[in-house]
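One-letter residues, chain by chain:
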Amino acid sequence: MSEPRHPAPRPVGLLTDRNVLVVGAGTRPSDDPKAPVGNGRAIAVLAAREGASVACADVSPSAAAATAALVGEEGTRGLPVVGDATDPGRSSAMVAEALRELGGLDAMVVNVGIGLGAGLAGTSPQEWMRVLSLNLSAPFLAAKYALPALTDGGAIVFVGSVAGLRAATDSPAYDSSKAGLFGLIRHVAKEGGPRGIRANLVVPGLIDTPMGREASARRASRSTSFARIPLGRQGTAWEVAEAVAFLLSDRASYITGQSLVVDGGLSSV
């Protein structure tokens, strides 16, 4: 199995001998043979490239298996884990499986999210609850069950969105749920602090992923936003993964409860 090329510098062993659980490690299926890699898969592969063994969790068995195979191609162990992150029992079981099969758990990344609805009038209560369940409750559950399982000095990273900084989409549920991650990560950092466990949030902007391309196809205003990005382009999932790897590593040893925006400057203008 081939993996989309990552143009970043050579790996330096940021995560050597770490065991990492990535929740949402798959990539959304696409009919485009040139479709870019998604954030979750890029994070898992880059973590492996930096020396980690990775439990690749996803609701889709095929997506989890595909990412785990790519991790294995990097020379470390890739463990496919299947489960619905919104279900408390499965969330707990995914953490337990990663802990048991990898022989320990040093870090966790939660990369999940959907957007439904069109404005307040066009968002049903059911759509609101479905988005909040995945985008906010699933990270809560993952942290609830992973925090006791992590080794002292470990790390947690949530993947959010610049939609949490402003009303950036047509989905009030999406924007609200991503805003909630800022508060949740601060609380996780507070509880993890006594054991040296750090918790941070990566905040991507307009990233070229299969999900991002679908959003652009549905909403023309997203494509016109590209011109407002100071760096003049969309980001890639690999650039999001680099930020995550940094925050998981010892190079971020005194950073916790913080958000790292990866948006080419979009939110600053």
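Note that the structure is predicted; figures quoted are calculated from it, not measured.

**Student:** What is the right way to look at the nonpolar core in this model?
**Tutor:** Where a protein is soluble and globular, its nonpolar side chains tend to be buried together. L21, A55, M108, I156, F158 and L201 are the most contacted members of the largest nonpolar core, which totals 40 residues. Here A55 is in contact with V20, L21, V22, L79, V81, A98 and L102, once residues within four sequence places are set aside. The next biggest cluster of nonpolar side chains, apart from the first, holds 37 residues, and it includes L15, A42, A47 and A237.

**Student:** Which parts of the structure should I look at to understand the environment of S177?
**Tutor:** Structurally, the position occupied by S177 is in helix α5 (residues 172-192). For S177, a relative accessible area of 0% translates into the label buried. As for S177 and G164, which are separated by 13 residues in sequence, their C-alpha atoms are 7.3 Å apart. Filtering out sequence-adjacent residues up to four positions away, S177 remains in contact with V131, L132, N135 and L136. Of the polar contacts made by the side chain of S177, one reaches the side chain of N135; its length is 3.0 Å.

**Student:** Looking at this structure, how should I read the pattern of salt bridges?
**Tutor:** Between side chains of opposite charge, a pair can form when the charged atoms approach closely. In this structure the tally under the stated criterion is six salt bridges. Linking E74 and R49 is a salt bridge whose minimum nitrogen-to-oxygen distance equals 2.8 Å. You can see E74 sitting in the loop between α2 (61-73) and β3 (78-82) and its partner R49 sitting in helix α1 (residues 39-49), a full 25 residues away along the chain. Note that D152 is salt-bridged to R195, the shortest N-O span being 2.7 Å. Of the two residues, D152 sits in the loop between α4 (125-146) and β5 (155-159) while R195 sits in the loop between α5 and β6 (198-204), which places them 43 residues apart along the sequence. We classify D152 as exposed; its relative accessible area is 57%. On the basis of relative accessibility, which here comes to 30%, the residue R195 falls in the partly exposed class. One network of salt bridges, with partners in common, ties together R77, R100 and E101.

**Student:** Hey, could you run me through the sheet that holds β5 in this one?
**Tutor:** Each strand in a sheet pairs with its neighbour through backbone hydrogen bonds, running either in the same direction (parallel) or in the opposite one (antiparallel). An order of β3-β2-β1-β4-β5-β6-β9 is seen for the seven strands of this open sheet, with the pairing classed as parallel. In this open sheet, the two strands that pair with only one neighbour each are β3 and β9 (259-262). In this sheet, neighbouring strand axes are inclined to one another by 20° on average, regardless of whether the strands run parallel or antiparallel. When strand β1 (residues 19-23) meets strand β2 (residues 53-58), the two strands line up parallel, connected through five bridges. Residue L21 lies in a different strand from β2, and its bridge partner there is A55. On top of the sheet, helix α3 (residues 88-102) reaches β1, β2 and β3; it is set at about 160° to β3, its chief contact.

**Student:** Mind showing me how you'd approach the pairing of β3 here?
**Tutor:** Of the two faces of β3, the one holding L79 and V81 is buried and the one holding G78, P80 and V82 is not buried anywhere. Looking at chain direction, β2 and β3 are connected through five bridges and run parallel. Along β3, the bridge assignment pairs C56 with P80.

Conventions we followed
Residues numbered from 1 in each chain as written. Predicted model: local features only at pLDDT ≥ 70, side-chain atom pairs only at ≥ 80, totals over all residues. Heavy atoms only, no water. Core = buried A, V, L, I, M, F, W, Y, C linked by side-chain atoms within 4.5 Å. Buried < 20%, exposed > 50% of the residue type's maximum accessible area, 1.4 Å probe, protein only. Contact = heavy atoms within 4.5 Å. Helix = DSSP H or I, 4+ residues; strand = E, 2+ residues; numbered from the N terminus. Polar contact = N/O pair within 3.5 Å; in protein donor to acceptor, adjacent residues only side chain to side chain. Salt bridge = Lys/Arg side-chain N within 4 Å of Asp/Glu carboxyl O. Pairing = 2+ DSSP bridges. Axes fitted to C-alpha atoms, helices over the stretch in contact; angles between N-to-C directions.

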